[in-house]
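Below are the chains, spelled out letter by letter.
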Amino acid sequence: MPRAGPAGPTTARVSAWRTATPTLARSPTASRNRSLTGRSRARRKPSASVVAQLDRSLKDASEDSLYALEEAFGDVIQRQITDDASFDKWKASAARREIVAFVTRLNNSCVNKPNLRLDEAPPQIRKLMDALRQIAKGCDQYLPKPGEARRYGSPMFRDWHAWLVSSTPELVSTLGSDNAELAARLAASFGDRTRIDYGTGHECAFIVFLLGCCKLQLLSEGDVDSGAVVCGAFAEYVRTCRVVQRCFGLEPAGSKGVWALDDYHCLLYTSPSPRDRG
């Protein structure tokens, strides 16, 4: 059967791939390390190098997908980091401190905790996991065409991404909100429509989406501190990303991944992963 890109699954219903995945979603490039969504023992703050990468990811997030998203959400999401001066301003901002603190809190929440099945998750986390599964299932409507012209990723990703942008307001509404910025952040979390790639800026956009859900009280303090946000929602997000990446053969925004561990993700390898144990 035809394949969806260099490392993709067959074109027969790619979302069915999720049923074969273990608790930790596997990388299309067979990552060799366990993630923050698996079990671990140490309770650590992110290292300085991880925080530096988070800064770079947030800088990337100001560019990744925003050109396409501004067409649909231009009144609520615009580029703010455009040069070194604005990047330096960002690094000194309260927003940066809040995001780094949120990532630290998420890391500490999931120590020694396994991923959650859908039926184990709290109600709001279950709704978010279901929304993410709908995003993955949407790939089935835009499967790559055999023999299509491409440099790396499938041009069908652009059609899927347009569907995603149009669908996120309704998906966010299932959480109990009509906030347009949340819809924009969620739409920014799965790759760049122009470049047909995915990188840590997109991953970081999802973290900002989760933070926004917490600030709007769509997710509770208990959802965060119990580990349900990481072991339920973030784990489901990674599985969804793997479906999208495999289906459309997305180009990694970094050729070897941030730590040469994964072609697409960074936060899988922050504490409390075994890599960061003292």
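A few points on the structure. In this text the structure is predicted, and so the values were computed from the model without any measurement.

1. Focus: the pattern of salt bridges
Where charged atoms of side chains with opposite charge meet at close range, the side chains can pair.
Then comes step 1: Tallied over the full model, the rule gives 12 salt bridges.
Then comes step 2: Across the salt bridge formed by arginine 117 and aspartate 119, the nearest N and O atoms sit 3.2 Å from each other.
Then comes step 3: Close ionic contact of arginine 133 with glutamate 236 constitutes a salt bridge, the shortest N to O distance being 3.2 Å. Of this pair, arginine 133 sits in helix α5 (residues 123-137) while glutamate 236 is found in helix α10 (residues 228-248), placing the two residues 103 residues apart along the sequence.
Then comes step 4: The class of arginine 133 is partly exposed, set by a relative accessible area of 30%.
Then comes step 5: Sharing partners across several salt bridges, the network here consists of Arg105, Glu221 and Asp225.

2. Some remarks on helix α8 (residues 200-215)
Then comes step 1: Along its 16 residues, α8 runs 23 Å from first to last C-alpha, staying within 8% of the 22 Å computed at 1.5 Å per residue.
Then comes step 2: When you tally the buried positions in α8, you get 14 out of 16 residues, the bulk of the element.
Then comes step 3: Glutamine 217 sits one or two positions beyond α8 and adopts a positive phi of about 65 degrees.

3. Some details on the nonpolar core
Then comes step 1: Within the largest apolar cluster, 59 residues are counted, with the highest numbers of intra-cluster contacts made by Trp160, Phe190, Phe209, Leu210, Tyr237 and Phe248.
Then comes step 2: Listing elements by their share of this core, those giving two or more residues are α3 (84-91), α4 (94-109), α5, α6 (156-173), α7 (180-187), α8 and α10.
Then comes step 3: Top contributing element to this core by residue count: α10, with 13 residues.
Then comes step 4: The contact partners of tryptophan 160, leaving out residues within four places of it in the chain, are Ile135, Gly138, Cys139, Tyr142, Phe190, Val244 and Phe248.

4. Observations regarding the packing of aromatic side chains
Then comes step 1: In the structure shown here, the tally under the stated rule is 10 aromatic pairs.
Then comes step 2: Each ring, one from phenylalanine 206 and one from phenylalanine 234, has its centre 6.5 Å from the other, and the planes form 40 degrees; the classification is tilted. Taken together, the residues phenylalanine 206 in helix α8 and phenylalanine 234 in helix α10 connect sequence positions 28 residues apart. For the pair formed by phenylalanine 206 and phenylalanine 234, the shared burial category is buried.
Then comes step 3: Ring geometry for phenylalanine 234 and tyrosine 237: centres 5.8 Å apart, planes at 40 degrees, overall tilted. Here phenylalanine 234 pairs with tyrosine 237, and both are found in helix α10, just 3 residues apart, close to one helical turn. Across the pair, exposure class does not vary: phenylalanine 234 and tyrosine 237 are buried alike.
Then comes step 4: Through pairs of rings, three or more aromatic residues link up here, namely Phe157, Trp160, Trp163, Phe190, Phe206, Phe209, Phe234, Tyr237 and Phe248.

Cut-offs used in this document
Residues numbered from 1 in each chain as written. Predicted model: local features only at pLDDT ≥ 70, side-chain atom pairs only at ≥ 80, totals over all residues. Heavy atoms only, no water. Salt bridge = Lys/Arg side-chain N within 4 Å of Asp/Glu carboxyl O. Helix = DSSP H or I, 4+ residues; strand = E, 2+ residues; numbered from the N terminus. Buried < 20%, exposed > 50% of the residue type's maximum accessible area, 1.4 Å probe, protein only. Expected span 1.5 Å × (residues − 1). Core = buried A, V, L, I, M, F, W, Y, C linked by side-chain atoms within 4.5 Å. Contact = heavy atoms within 4.5 Å. Phe/Tyr/Trp six-rings, centres within 6.5 Å; stacked < 30°, edge-to-face > 60°.

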